[in-house]
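As a plain string of letters, each chain reads:
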Amino acid sequence: MRRICFILHVKPDRIEEYKARHADVWPEMRRALQDAGWRNYSLFLRPDGTLVGYLECEDFDACRAAMAEKEVNARWQAEMGDLFVEPGAAPDEAMRPIEEVFHLD
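Note that this is a predicted model, so its numbers are computed, not measured.

J.: Would you take a moment to explain the packing of aromatic side chains for this structure?
T.: The geometry of an aromatic ring pair is captured by the separation of the ring centres together with the interplanar angle, meaning the angle of the planes. Counting across every chain of the model gives four aromatic pairs. Judged by centre distance (5.6 Å) and plane angle (90°), the ring pair of Tyr-18 and Phe-84 falls under edge-to-face. Separated by 66 residues along the polypeptide, Tyr-18 in helix α1 (residues 15–22) and Phe-84 in the loop between α4 (71–80) and α5 (91–94) bring together distant segments of the chain. By relative accessible area, which is 7% here, Phe-84 ends up buried. With a centroid separation of 6.0 Å and 65° between ring planes, the pair formed by Trp-38 and Phe-60 is classed as edge-to-face. Of the two residues, Trp-38 is situated in the loop between α2 (27–35) and β2 (39–45) and Phe-60 in helix α3 (residues 60–68); the sequence distance between them amounts to 22 residues. Judged on exposure class, the residue Trp-38 and its partner Phe-60 are both buried. Put simply, the rings of Trp-38, Tyr-41 and Phe-60 pair up and form one aromatic cluster.

J.: I would appreciate a short explanation of α3 in the present structure.
T.: Owing to its 3.6 residues per turn, the α-helix aligns residues three or four sequence positions apart on the same side. Within the sequence span of α3, burial applies to Phe-60, Cys-63 and Met-67. The buried residues of α3 occupy one face: seen down the axis, they fall within an arc of 60°. Facing away from the buried side of α3 by over 90 degrees, the exposed positions are Asp-61 and Ala-68. Tucked inside the fold, the buried residues of α3 contact β1 (2–9), α2, β3 (50–57) and α4. The residue sitting at the N-terminus of α3 and contributing the capping side-chain oxygen is Asp-59; that oxygen lies 3.1 Å from the backbone nitrogen of Asp-61.

J.: Explain the side chain of Asn-73 to me, please; I cannot follow it from the model alone.
T.: As for its position among the elements, Asn-73 is in helix α4. On the basis of relative accessible area, Asn-73 is assigned to the buried category, the value being 5%. In this structure the side chain of Asn-73 is engaged in a polar contact, spanning 3.4 Å, whose partner is the backbone oxygen of Met-67. In this structure, Asn-73 is in contact with Met-29, Met-67, Ala-68 and Asp-92, ignoring residues within four places of it in sequence.

Definitions and limits used
Residues numbered from 1 in each chain as written. Predicted model: local features only at pLDDT ≥ 70, side-chain atom pairs only at ≥ 80, totals over all residues. Heavy atoms only, no water. Phe/Tyr/Trp six-rings, centres within 6.5 Å; stacked < 30°, edge-to-face > 60°. Helix = DSSP H or I, 4+ residues; strand = E, 2+ residues; numbered from the N terminus. Buried < 20%, exposed > 50% of the residue type's maximum accessible area, 1.4 Å probe, protein only. Arc of directions from axis to C-beta. Contact = heavy atoms within 4.5 Å. Polar contact = N/O pair within 3.5 Å; in protein donor to acceptor, adjacent residues only side chain to side chain.

This is the structure we're talking about:
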């Protein structure tokens, strides 16, 4: 199992909306993530809009590809895209893993 961490940036004036949407993630979106192999998935949000994501999976590229095939993911990305600073890409396409340099088991 690999540990994956990534950073995105929520527009500072949209932080409350972002949090509200994640307080009630669609059940079919939750199921799609689980079916695609995302495990122990968490999002952490700083007051400045810096979003840190963490998940565990066997193969991150395969998990992202599996999500890309799901209709619910296309709807979710369309709903969420305008909340992010990253231009020109859906939020799930802008996720770039950060290199892990230390882990205490």
